[in-house]
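Analysis of the macromolecular model
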Amino acid sequence: MMFPSIPGFTRRTLPVITLLSGAFVVPSLAANESSGAEAIFAGGCFWCMEPPYDDQPGVDATISGYIGGDLDNPTYEDVISGETGHAEVVRIDYQPDEISYEQLLEIFWRNIDPFAVDQQFCDVGDQYRSAIFYVDDEQRELAEASKAEMEERFGREIATQIVAADTFWEAEEYHQDYYQKNPVRYKFYRFSCGRDGRLEEIWGDEAGGPSF
């Protein structure tokens, strides 16, 4: 079912809400505590890209952040201005012997609109572009093969970019695990943005991706 969207609604209409006492939070690993391998995906709002991966076996952490721009140490306000070139991304720290990069890609595709250019759902601008930021040649090859499969499946061009990862900047703490810290506001944003309705329109029963 296509969920309704509120005209003009974006996350910028939501105030920053601090964690209420007693809320349940699963902490993310700090950037320097990463183990195993890492994958970096841009799928619009990074709040929405953490949940599909957090419960997957073999995923150690999901960390929201920024990548692909020119400014060092960008803030959220810098990035959403659309002037820095960064994209909102999620970095996934994972164990390749438990979950493969190909499986992470399967989840990624089914949580984005692969046809949208410089936009994901109600969030507009190149900071919300969809992209796969590969960290080595193997990831690049797997990403390109996966994108080719998507283009064959749908018979049309896929807008998602495949680019080399550069410096990953971890987002502010209040963005990490936002869906757990502020579940009501997160659900309101996601519903109002029409994300689930559009995913269902594109992917049908596959929307949200498989659980491995």
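Everything that follows concerns the structure shown earlier in this document.
In this report, the structure presented in the accompanying data block is examined.

1. Things to note about the packing of helix 4 (residues 101-109) against helix 5 (residues 137-154)
Geometry of a packed helix pair, given as the angle between the helix axes and the separation of the axes. Running from N to C, helix 4 and helix 5 point in directions that differ by 40°, and their axes come no closer than 10 Å. Regarding the angle of helix 4 to helix 5, the classification is oblique. Of the two possible hands of crossing, helix 4 and helix 5 adopt the one that is right-handed. Taken together, the residues of helix 5 that come into contact with helix 4 (itself represented by Tyr101, Glu102, Leu105 and Trp109) are Gln139, Leu142, Ala143, Ser146, Lys147 and Met150. Taken together, the residues of the contact of helix 4 with helix 5 break down into six nonpolar, two polar and two charged.

2. Considerations on unusual backbone geometry
Positive phi values are uncommon outside glycine, yet Asp118 reaches one of about 50°. Tracing the sequence through the fold places Asp118 in the loop between helix 4 and strand 4 (119-120). The backbone of Asp177 sits at a positive phi, close to 55°, despite the residue not being glycine. Here Asp177 is to be found in the loop between strand 8 (169-170) and helix 6 (178-181).

3. Observations regarding the packing of aromatic side chains
Within the structure shown, the criterion is met by ten aromatic pairs. When the ring of Phe154 is compared with that of Trp203, the centres are 5.2 Å apart and the planes differ by 80°; the resulting orientation is edge-to-face. With Phe154 in helix 5 and Trp203 in helix 8 (residues 195-203), this pair connects stretches of sequence that are 49 residues apart. Residue classification places Phe154 among the partly exposed positions, given a relative accessible area of 25%. Connected via pairs of aromatic rings, a cluster forms that spans Phe41, Tyr53, Tyr101, Phe108 and Trp109. Across from the ring centre of Phe168, 5.2 Å away, lies the NZ or CZ of Arg91, which sits over that ring. Sitting over the ring of Phe115, Arg156 keeps its end group 3.8 Å from the ring centre.

About the thresholds
The residue count restarts for each chain, going from 1 along the sequence in the order it is written. Predicted model: local features are reported for residues with pLDDT of at least 70 only, side-chain atom pairs are reported and counted for 80 or more only, and whole-chain, interface and lining totals are derived from all residues. By convention in this description, side-chain values take in all heavy atoms of the structure and omit both hydrogens and water. For helices, the fitted axis covers only the stretch in contact; all axes are lines through C-alpha atoms, and the angles between them, taken along N-to-C directions, range from 0 to 180 degrees. Only DSSP runs of H or I with at least four residues qualify as helices, and only runs of E with at least two residues qualify as strands; both kinds are numbered from the N terminus onward. Should an angle lie under 35 degrees it is considered roughly parallel, over 145 roughly antiparallel, and from 65 to 115 roughly perpendicular; all remaining angles are considered oblique. The hand of a helix crossing depends on one turn: near helix anticlockwise from the far one by less than a right angle means left-handed, and clockwise means right-handed. Only heavy atoms matter for contacts: two residues are in contact if any of them lie within 4.5 Å across the pair. Amino acids outside the nonpolar list (Ala, Val, Leu, Ile, Met, Phe, Trp, Tyr, Cys, Pro) and the charged list (Asp, Glu, Lys, Arg) are all regarded as polar, and Gly is one of them. Two rings from Phe, Tyr or Trp (for Trp, the six-membered ring) form a pair when their centres sit within 6.5 Å of each other. Planes less than 30 degrees apart are called stacked, planes more than 60 degrees apart edge-to-face, and all others tilted. For every residue, the accessible area (1.4 Å probe, protein chains only) is compared with the maximum for its type, and the residue is labelled buried under 20%, exposed over 50%, or partly exposed between those bounds. Either the NZ atom of lysine or the CZ atom of arginine qualifies as a charge over a ring when it sits within 6 Å of the ring centre and within 35 degrees of the ring normal.

Such coordinate-based values are descriptive only and should not be taken to indicate function.
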